[in-house]
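# A look at the structure
Each chain is listed here by its residues.
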Amino acid sequence: MNERRRPATKAYANPAFLNSKDARALRILAEYLEPKSRFENNDVEDTIVFMGSARTLSREQAEAALRTAERGGGDLDGARNALKMSGYYEAARELAFRLTQWSKALDPKSRRFVVCTGGGPGIMEAASRGASEARGINVGLTISIPSEQFDNEYLTRKLSVHFHYFFMRKFWFAYLAKAVIVFPGGFGTFDELFELLTLVQTRKMTKPMPIVVFGTEFWRQAVNFDVLVRNGTISARDLELMHHTDSVDDAYDFIVRQLTERALDKPGPTL
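Residues numbered from 1 in each chain as written. Predicted model: local features only at pLDDT ≥ 70, side-chain atom pairs only at ≥ 80, totals over all residues. Heavy atoms only, no water.

### With respect to the packing of aromatic side chains
By the definition in use, this model includes 15 aromatic pairs. Ring centres of phenylalanine 39 and tryptophan 172 lie 5.3 Å apart, and the angle between their planes is 65 degrees; on these two criteria the pair is classed as edge-to-face. Residue phenylalanine 39 is found in helix H2 (residues 24–41), and its partner tryptophan 172 is found in helix H6 (residues 166–176); the two are separated by 133 residues along the sequence. Each member of the pair, phenylalanine 39 as well as tryptophan 172, carries the same accessibility label: buried. Centroid distance phenylalanine 190 to tryptophan 219: 5.2 Å. Interplanar angle 35 degrees. Geometry classified as tilted. Separated by 29 residues along the polypeptide, phenylalanine 190 in helix H7 (residues 187–201) and tryptophan 219 in helix H8 (residues 216–222) bring together distant segments of the chain. Over the aromatic face of tyrosine 252 sits the side chain of arginine 98, whose NZ or CZ is 4.4 Å from the ring centroid. Sitting over the ring of phenylalanine 113, arginine 112 keeps its end group 4.4 Å from the ring centre. (Phe/Tyr/Trp six-rings, centres within 6.5 Å; stacked < 30°, edge-to-face > 60°. Helix = DSSP H or I, 4+ residues; strand = E, 2+ residues; numbered from the N terminus. Buried < 20%, exposed > 50% of the residue type's maximum accessible area, 1.4 Å probe, protein only. Lys NZ or Arg CZ within 6 Å of the ring centre and 35° of its normal.)

See below:
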């Protein structure tokens, strides 16, 4: 009597193996190849990256929260500060809108300098929203973390890429970027800013990389870069790696000028 044999499982179709520590290299490679394929298929040549806090509210959200707090329904000081911080949301939204309009006018056949964010709420949502309102596409590089996150509603869905490994997500931020705008944020924003500064400072990243640090009052209080210079841990010239501003007009003019002069004739991802 012949025994019925179960069909053998191929390695690439074996979930137990693919999710094991032995297949970690394959999972890392997948987080390189799958996004690469997606960006190439959608003709995304390079990006302008927006970074900042996931907790920053839009003006309408902040105003609603303040009205609730004034009626005794919450932290009044916190609500007032949230309304102040919402100015950064609106600035990121406007800046993304204007940069998307500019990039779309360059060449209707190419997708240059596409707005890219971490895909979540807050400043990320603001930039995605601005790009969407300008009828442009935008990229979202989301990450799986224990605290609740979600893809914001303004992302271009086919360009919403979900990562497990932070370092692969960071790679795609850096590899596609031709400019970076950093708004006030927390640990994640600081991590991304300082890693980019280190890559540029050490020339591990050789392409021109304009870095705009938006919100002078916040950054002056959060990080005293002058202390680093005075104590010799960085040079005064290292401060030139960042362009500080509080103005959407200034940030827009600086980025457009830098990209026009140093990146327009160099399409495509590169380090």
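### Focus: the pattern of salt bridges
Enumeration according to the criterion identifies 16 salt bridges in this entry. Its salt-bridge partner being glutamate 94, residue arginine 98 comes within 3.8 Å of it at the nearest N-O pair. Here the residue arginine 98 and the residue glutamate 94 both occupy positions in helix H4 (residues 76–106), the gap between them amounting to four residues, near one helical turn. Using a relative accessible area of 38% as the deciding quantity, one classes glutamate 94 as partly exposed. The partner of arginine 169 in a salt bridge is glutamate 192, with the nearest N and O atoms 3.7 Å apart. One end of the pair, arginine 169, is in helix H6; the other, glutamate 192, is in helix H7, with 23 residues separating them in the sequence. A single burial state applies to arginine 169 and to glutamate 192, both of which are buried. Through salt bridges with shared partners, one network takes in Glu60, Glu90, Arg93, Arg129 and Glu133. (Salt bridge = Lys/Arg side-chain N within 4 Å of Asp/Glu carboxyl O.)

### So, the pairing of strand S1 (residues 47–51)
Of all five residues making up S1, five are buried, and the element is well covered by its neighbours. Burial along S1 is two-sided: the residues Thr47, Val49 and Met51 and Ile48 and Phe50 are all buried. Direction of pairing for S1 relative to strand S2 (residues 114–117): parallel, over a ladder of three bridges. Counterpart to valine 49 in the pairing with S2 is cysteine 116. Here five bridges tie S1 to strand S5 (residues 177–182), and the two strands are oriented parallel to one another. Residue pairing for S5: threonine 47 is matched across the bridge by alanine 177. (Pairing = 2+ DSSP bridges.)

That's the geometry; what it means functionally is another story.
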